[in-house]
Amino acid sequence: MEIGIDSFASAMYGRKLGSVDAMEQLLDRIVKADQAGLDVYGIGEHHKKEFLDSAPAVILSAAAARTNRIRLASAVKVLSTDDPVRVYQRFATLDLISKGRAELVVGRGSAVEAFPLFGFDLNDYDALFAEKLDLLLQVRDQEFVTWSGKFRPALDNQPVYPRALQEKLPIWLGVGGTPGSFVRAGSLGLPLMVAVIGGETERFRPLVDLYREAGTKAGFSSEELKVGLHSPGYIAATQDKAIADYYPGYAELWTKLGKERGWPAVTRPQFDTLIGPKGVLVVGNPEQAAQKLLRHSEALGGIDRFTFQMDNAGLTHGQLLDAIELIGTKLMPLIEKG
C-alpha cells in the first residue's frame, strides 16, 4: 500500500499566517515527505479565500524542483471547468520537470465555486466532466488528436505538446459516493481514488465492487484496477496527543463547513466514533493508524494507496512536519509488514 498526503494548501485555517509563509511551509512539508520516504503528495483545487491551491500544477512544479523521488499529483483537478488540452500540457510539463513523477487525479468537484468563476453551468455538471475526460484521455494517449464535442471547439488532427516523460501519464478518477462515477472509472480502466470524509469506510465496499465488476467486464486486469482511499487524519506519538492536537481545529472547520452545507455541528462523541475502529478518521499513534488502514483495506477488498488530509485542521507547521516524519519512519514500515 502506497502512503501519501493530500493538501488543499489551507494552512491558514485557525492561525494568522500570510500567504507567502503558508506557501513556503507547504513546500517545506512536501520536501519533508520526500525525505521521509512517503510515496505521493497531492494538491487539491479550490477557488476560495482560505485556500492557496487554485493552480495546483504551479505548486507541484515548485515542489518538483526541490524533491527527488516522491510522486506529485493533483487531488483533485476539477476537470469540468478547465480545458483538457491545457490540463495535459501543464501536467506533461510537470512530468518533465519532475523526471517522470507527475500524476493526475481528476474529478467533477465537490466544491463548485469554479463553475460560475469560469462561466460554466452547474446543470451541465456531469456532461461537462464526461466530455472533458474523454478528450483528456485521447490527448494523453495520442500525439495527434481528432475530436469533437459540445463544450469545446473540435480538434482536427491537432498535435499536443509537450509530451509527458511517462509513456502513459497516470490519470486517476476521484470519486465521492455516486455509483455512476465508480462504474465510469471501471469501464475506462482508470485507477480509482475514493474520498471518504465521514461515517464508516466499509460502507463504500458495494461501490468499490461496482468499480471492479465494471472494469472486469470491460476487459481490464485486476492489476489495472487500482483503488486508492483519501480520508482526513493525523499521526502523533500517542493517541492522546493526536486527539489533543487535531480535535479543536477539526471541530472548528467542520462546524463551519456544516453551516455552509447543512450539516450538524461536530460533537466530541461523534468525533470519538469517527476515530474508532470503523470510523473514517485515521487519528492516533502509528500503530493504531496502521491497524486501521489494514482494516480499511480488508473491508474494501484491498486498497493500493492511502492519502491523509491533514493540513485543514488548524495544525501548526511543526505538528505537520512531525506527523510526516512518523508516517515515513513508523507507520509505513508497519503497513509493509502487514
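Residues numbered from 1 in each chain as written. Predicted model: local features only at pLDDT ≥ 70, side-chain atom pairs only at ≥ 80, totals over all residues. Heavy atoms only, no water.

## Concerning the nonpolar core
So, point 1. Within the largest apolar cluster, 97 residues are counted, with the highest numbers of intra-cluster contacts made by F308 and I327.
So, point 2. Here the element with the most residues in this core is helix α8 (residues 239–261); it accounts for 9 residues.
So, point 3. Those residues in contact with F308 that lie beyond four places of it in its chain are I3, G4, I5, D6, S231, G233, Y234, I235, V282, I327 and L331. (Core = buried A, V, L, I, M, F, W, Y, C linked by side-chain atoms within 4.5 Å. Buried < 20%, exposed > 50% of the residue type's maximum accessible area, 1.4 Å probe, protein only. Helix = DSSP H or I, 4+ residues; strand = E, 2+ residues; numbered from the N terminus. Contact = heavy atoms within 4.5 Å.)

## Things to note about the pairing of strand β12 (residues 305–309)
So, point 1. Of all 5 residues in β12, 5 are buried, a share of seventy percent or more.
So, point 2. Burial along β12 is two-sided: the face carrying R305, T307 and Q309 and the face carrying F306 and F308 are both buried.
So, point 3. Here 5 bridges tie strand β1 (residues 2–7) to β12, and the two strands are oriented parallel to one another. Looking at β12, one finds that G4 is bridged to T307. (Pairing = 2+ DSSP bridges.)

## Considering helix α1 (residues 19–36)
So, point 1. If you check α1, its first and last C-alpha atoms are 25 Å apart, about what 18 residues at 1.5 Å a residue would give, namely 26 Å.
So, point 2. Among the residues of α1, those classed as buried are A22, Q25, L26, L27, R29, I30, V31, A33, D34 and A36.
So, point 3. For α1, the secondary structure elements touched by its buried residues are β1, β2 (40–43), α2 (56–64), β3 (71–74) and α11 (317–337).
So, point 4. Following α1 by one or two positions, G37 has its phi on the positive side, about 95°. (Expected span 1.5 Å × (residues − 1).)

## Considerations on the pattern of salt bridges
So, point 1. According to the stated counting rule, one finds 20 salt bridges in the structure shown.
So, point 2. Note that E103 and R305 form a salt bridge whose closest N and O atoms lie 2.9 Å from each other. Within this pair, whereas E103 is found in strand β5 (residues 102–107), its partner R305 is found in strand β12, the two being separated by 202 residues in sequence. Like E103, the residue R305 is buried in the burial classification.
So, point 3. The residue R268 makes a salt bridge to D272 at a minimum N-O spacing of 2.8 Å. (Salt bridge = Lys/Arg side-chain N within 4 Å of Asp/Glu carboxyl O.)

## Some details on the pairing of β3
So, point 1. The two faces of β3 match: R71 and A73 on one face and L72 and S74 on the other face are all buried.
So, point 2. When β2 meets β3, the two strands line up parallel, connected through 4 bridges. Across the sheet, G42 pairs through a bridge with A73, a residue of β3.
So, point 3. Remark: the β2/α2/β3 crossover connection has right-handed handedness. (Right-handed = clockwise from strand over helix to strand, strands pointing away.)

## What to know about the packing of helix α3 (residues 84–97) against helix α5 (residues 125–141)
So, point 1. Two numbers describe how α3 lies on α5: the axes approach to 8 Å, and their chain directions differ by 45°. In terms of orientation, α3 and α5 fall into the oblique class. Crossing of α3 over α5 shows right-handed handedness. Along the contact surface, α3 presents P84, V85, V87 and Y88, while α5 presents K132, L135, L136, V139 and R140. (Axes fitted to C-alpha atoms, helices over the stretch in contact; angles between N-to-C directions. Parallel < 35°, antiparallel > 145°, perpendicular 65-115°, else oblique. Left-handed = near helix turned anticlockwise from the far one by under 90°.)

## Re the packing of aromatic side chains
So, point 1. For the structure on display, the rule yields 9 aromatic pairs.
So, point 2. Ring geometry for Y234 versus Y246: centroids 6.1 Å apart, planes at 10°, classification stacked. Placement of the pair is Y234 in strand β10 (residues 227–235) and Y246 in helix α8, with a sequence separation of 12 residues. With respect to burial, Y234 and Y246 carry one shared label: buried. (Phe/Tyr/Trp six-rings, centres within 6.5 Å; stacked < 30°, edge-to-face > 60°.)

## Some words on the packing of α1 against α11
So, point 1. Direction vectors running N to C along α1 and α11 enclose 15°, while the axes themselves pass 9 Å from each other. Judged by the angle between their axes, α1 and α11 are roughly parallel. You can see that α1 and α11 cross each other, and the crossing is right-handed. Mapping the contact onto sequence places Q25, D28, R29, K32, A33 and A36 in α1 and H317, L320, L321, I324, E325 and G328 in α11.
So, point 2. For the contact of α1 with α11, the class distribution of residues is 5 nonpolar, 3 polar and 4 charged. (Nonpolar A, V, L, I, M, F, W, Y, C, P; charged D, E, K, R; others polar.)

## Some details on α3
So, point 1. Its 14 residues give α3 an end-to-end C-alpha distance of 20 Å, which sits within 8% of 20 Å, the value for a rise of 1.5 Å per residue.
So, point 2. Residues of α3 that are buried: P84, V85, V87, Y88, Q89, F91, A92, L94 and D95.
So, point 3. Where α3 is buried, its residues contact α2, β3, β4 (77–78), β5, α5 and β7 (155–159).
So, point 4. Between a side-chain oxygen at the N-terminus of α3 and the backbone nitrogen of V85 the separation is 3.1 Å; the capping residue is D83.
So, point 5. K99 sits one or two positions beyond α3 and adopts a positive phi of about 60°. (Polar contact = N/O pair within 3.5 Å; in protein donor to acceptor, adjacent residues only side chain to side chain.)

## Side note on unusual backbone geometry
So, point 1. With an omega of -5°, the peptide bond running from A75 to V76 counts as cis.
So, point 2. Position of V76 among the secondary structure elements: in the loop between β3 and β4.
So, point 3. Residues Y161 and P162 are joined by a peptide bond in cis, for which omega reads 0°.
So, point 4. Following the sequence through the fold, P162 ends up in the loop between β7 and β8 (171–175).
So, point 5. Positive phi, close to 50°, is recorded for A9, a residue that is not glycine.
So, point 6. When you line up the elements, A9 lands in the loop between β1 and α1.
So, point 7. Of note, the phi angle at N157 is positive, near 55°, even though the residue is not glycine.
So, point 8. If you trace the backbone, N157 turns up in strand β7.
So, point 9. According to the relative accessible area criterion, N157 is partly exposed, its value standing at 46%.

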